[in-house]
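Residue-level structure breakdown
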Amino acid sequence: MLCELVPGGVPKKIIADRVTRLFGSITPPDAVAGARWELAAALLEDLRRIDGQLRETRKQLESAVRASGTSLTGLFGVGPVLAATVIGEVSDVSRFKNRDRFAAYNGTAPIEVSSGQRKVNRLSRRGNRRLNQAIHTAAVTQVRQPHSEGRAYYDKKLAEGKTHREALRALKRQVSDAVFTQLRADARRALAQHQSGHTD
């Protein structure tokens, strides 16, 4: 809508406050442009409302993650939203015997595909897709940060001759293992606190 109202268009990335100022500088030349202006103004109000809802939801998630006592947000690339997703999808980490079972559950354990003498690992399409997506997001975040340990691991895999997908897949497994280790540590700490409370 703005592109049709503003000669030369608008920047790709704009925020609501900037749009509000931009609206003040627009004088619709005719009835059609006036109708577009009104529709764009209504859409702007919708976006403001949605932005407010997103901020409130994020606050609630941050509060819930803090209340859970987890330290998942200490892992690089894992913020409150991803931590909440992991906690919600995993529920009780004790149901996984080890990190391999956890990786199989979240789809980061590769599947071996053999063809004669050739053995290839491919991405598993099984497992919990929401949990897999959370791990994928954390891995991609690490790759985008040049000084992160995840990026160093990814670069190491590339240097070994792995493709981008293979290197990212390997990093996702590393993230899965780190998440599992942290969830186990959180569970042990919660149990110790619970037992301590009963002892007191």
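Check the entry above for the structure.
Parameters at a glance
- Residues numbered from 1 in each chain as written.
- Predicted model: local features only at pLDDT ≥ 70, side-chain atom pairs only at ≥ 80, totals over all residues.
- Heavy atoms only, no water.
- Helix = DSSP H or I, 4+ residues; strand = E, 2+ residues; numbered from the N terminus.
- Buried < 20%, exposed > 50% of the residue type's maximum accessible area, 1.4 Å probe, protein only.
- Contact = heavy atoms within 4.5 Å.
- Areas by Shrake-Rupley, 256 points an atom, 1.4 Å probe, with all protein chains shown as cover.
- Core = buried A, V, L, I, M, F, W, Y, C linked by side-chain atoms within 4.5 Å.
- Axes fitted to C-alpha atoms, helices over the stretch in contact; angles between N-to-C directions.
- Parallel < 35°, antiparallel > 145°, perpendicular 65-115°, else oblique.
- Nonpolar A, V, L, I, M, F, W, Y, C, P; charged D, E, K, R; others polar.

Concerning the overall build of the protein chain
A tally of helices and strands in the protein chain yields 8 helices and 2 strands. Helices (α) and strands (β) of the protein chain occur, in sequence order from the N terminus, as α-α-α-α-α-β-β-α-α-α. Every one of the 200 residues in the protein chain was classed for burial, and the buried ones make up 30%. By sequence separation, contacts in the protein chain at least 24 residues apart represent 55% of the contacts at least 6 residues apart. Surface exposure of the protein chain reaches about 13300 Å², of which carbon and sulfur atoms provide 52%.

Examining the nonpolar core
Val86, Val90, Phe102 and Leu183 are the most contacted members of the largest nonpolar core, which has 27 residues in total. Only α4 (80-90), α6 (129-144), α7 (149-159) and α8 (164-199) provide two or more residues apiece to this core. Top element by residues in this core is α8. It accounts for 8 residues. The contact partners of Leu183, leaving out residues within four places of it in the chain, are Leu72, Val86, Val90, Val93 and Phe102. Counting 10 residues, the second-largest nonpolar core is a separate cluster that includes Leu5, Val6, Val19 and Ala33.

Thoughts on α4
Among the residues making up α4, those that are buried are Pro80, Leu82, Ala83, Val86, Glu89 and Val90. Backbone geometry just after α4 places Ser91 at a positive phi near 65 degrees.

Concerning the packing of helix α5 (residues 99-106) against α6
Geometry of a packed helix pair, given as the angle between the helix axes and the separation of the axes. Interaxial distance between α5 and α6 falls to 8 Å at its minimum, and their mutual angle equals 105 degrees. Comparing their axes, α6 and α5 come out roughly perpendicular. Across from Phe102, Tyr105 and Asn106 in α5, the residues of α6 making contact are Leu131, Asn132 and Ile135. Classifying every residue of the contact of α5 with α6 gives 4 nonpolar, 2 polar and no charged.

Here's the deal with unusual backbone geometry
For Ser91, which is not glycine, the phi dihedral falls at a positive 65 degrees. Looking at where Ser91 falls in the secondary structure, it is placed in the loop between α4 and α5. For Ser91, a relative accessible area of 65% corresponds to the exposed category.

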